[in-house]
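Descriptive structure summary
Here are the chains, one letter per residue:
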Amino acid sequence: MFCCLKSCLNGVLPAQSVPFTKTTPNPVQLDVTHMGHEVVIIKNGLRACGTGGVLANAPLVQSKSYFEVKLQQSGHWSIGLATQQTDLNQSVGGKDRESWCLNSNHLVLHGGDVVYRLDASKGSGPNGGQNSPSHPASAVPVPVDLTPTSAPVFPAAPGSTAAVASADSGLPQEGDTIGVAYDHVELNFYLNGKNLNVPVLNVRGTVHPCLFVDDGAILDIVLDNFAFGPPPGFERILIEQSLL
């Protein structure tokens, strides 16, 4: 646990919470009042590590919103959307009906069911993903073992054949950036700016960005100054006052 926290802190004093101050450049950040008991939030409310889930403090109320998540360190992680009713003491997102998440085991999950399974052979091009538009998801969700041991270990050693293959596979690995776009009709995920073509429909309720971490994973949420930028028509998350 100490090694995990040492990597997570990366020169920042350990803290279970980061209070919001007027000097914070963006009022949107990870919400220390809505996180699991073993989650650690640092870097001005932008980095999550430890074990469990955390929501952002702003709901997605605008018509088209976008944020990014940098996979700073490998482990078991989940990225997506959730309502405030989701169980944030779980280490995997998408296990309940209140969360919709892309996971480190290459599955998009909701309610404990597989909505999509990323296919390495498809890459991350315009037709990437086993359940791309030309391969619609089965009408019957597929149950799956969601324990952390079911997730792969990332990444391969730098420069190795496996690492090169992973970089070309269209599957997320350490150092990559996951983009998340939501327009109240579809939830879409992007890998380093390329659409994974795994649109999630029927997202219900008032949802917030959510991150889940375990087994040493470190995630940084990016709320502006994006590495790859939002799709056309989408923009950074706006708080309700700025929509007026």
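A few points on the structure. Please read all numbers here as calculations on a predicted model, not as lab measurements.

1. Some words on the overall build of the protein chain
- A tally of regular secondary structure across the protein chain gives 2 helices and 15 strands.
- Sorting the 244 residues of the protein chain into buried and exposed places 51% on the buried side.
- Contacts spanning at least 24 positions in sequence make up 65% of the contacts within the protein chain whose residues lie at least 6 apart.
- Summed over its atoms, the accessible surface of the protein chain is roughly 11300 Å², and 54% of this surface lies on carbon and sulfur atoms.

2. Some remarks on the pairing of strand 3 (residues 47-56)
- Taking burial as the measure, the 10 residues of strand 3 include 9 buried ones, the bulk of the element.
- Note: strand 1 (residues 30-35) against strand 3, 2 bridges, orientation antiparallel. Bridge pairing in strand 3 links L30 to A56.
- As paired elements, strand 2 (residues 38-42) and strand 3 share 5 bridges and run antiparallel to each other.

3. Things to note about the environment of H184
- Tracing the backbone shows H184 in the loop between strand 10 (177-182) and strand 11 (187-191).
- For H184, a relative accessible area of 40% gives the class partly exposed.
- The spacing of H184 and V203 is 19 residues in sequence and 7.3 Å in space, taken between C-alpha atoms.
- Among the polar contacts listed, one links the side chain of H184 to the backbone oxygen of L60, at a separation of 3.3 Å.
- Within polar-contact distance, the side chain of H184 engages the backbone oxygen of Q62 at 2.7 Å.

4. What to know about the nonpolar core
- The biggest cluster of nonpolar side chains holds 39 residues, and the ones touching the most others in it are I79, L81, L187, F189 and L211.
- Listed in part, the 6 residues of the second largest apolar core include L55, A82, L88 and F212.

5. Let's talk about the pairing of strand 13 (residues 208-214)
- Among the 7 residues of strand 13, 7 are classified as buried, and the element is accordingly described as predominantly covered.
- Of the pairings in the sheet, the one linking strand 5 (residues 76-82) to strand 13 comprises 7 bridges and is antiparallel in character. Within strand 13, the residue paired with A82 across the bridge is H208.

6. Examining the environment of Q62
- Here Q62 lies in the loop between strand 3 and strand 4 (65-73).
- Along the primary structure Q62 and F234 are separated by 172 residues, whereas in three dimensions their C-alpha atoms are 9.5 Å apart.
- Here K64 takes part through its backbone oxygen, which lies 3.2 Å from a polar atom of the side chain of Q62.

Rules of the game
- Residues numbered from 1 in each chain as written.
- Predicted model: local features only at pLDDT ≥ 70, side-chain atom pairs only at ≥ 80, totals over all residues.
- Heavy atoms only, no water.
- Helix = DSSP H or I, 4+ residues; strand = E, 2+ residues; numbered from the N terminus.
- Buried < 20%, exposed > 50% of the residue type's maximum accessible area, 1.4 Å probe, protein only.
- Contact = heavy atoms within 4.5 Å.
- Areas by Shrake-Rupley, 256 points an atom, 1.4 Å probe, with all protein chains shown as cover.
- Pairing = 2+ DSSP bridges.
- Polar contact = N/O pair within 3.5 Å; in protein donor to acceptor, adjacent residues only side chain to side chain.
- Core = buried A, V, L, I, M, F, W, Y, C linked by side-chain atoms within 4.5 Å.

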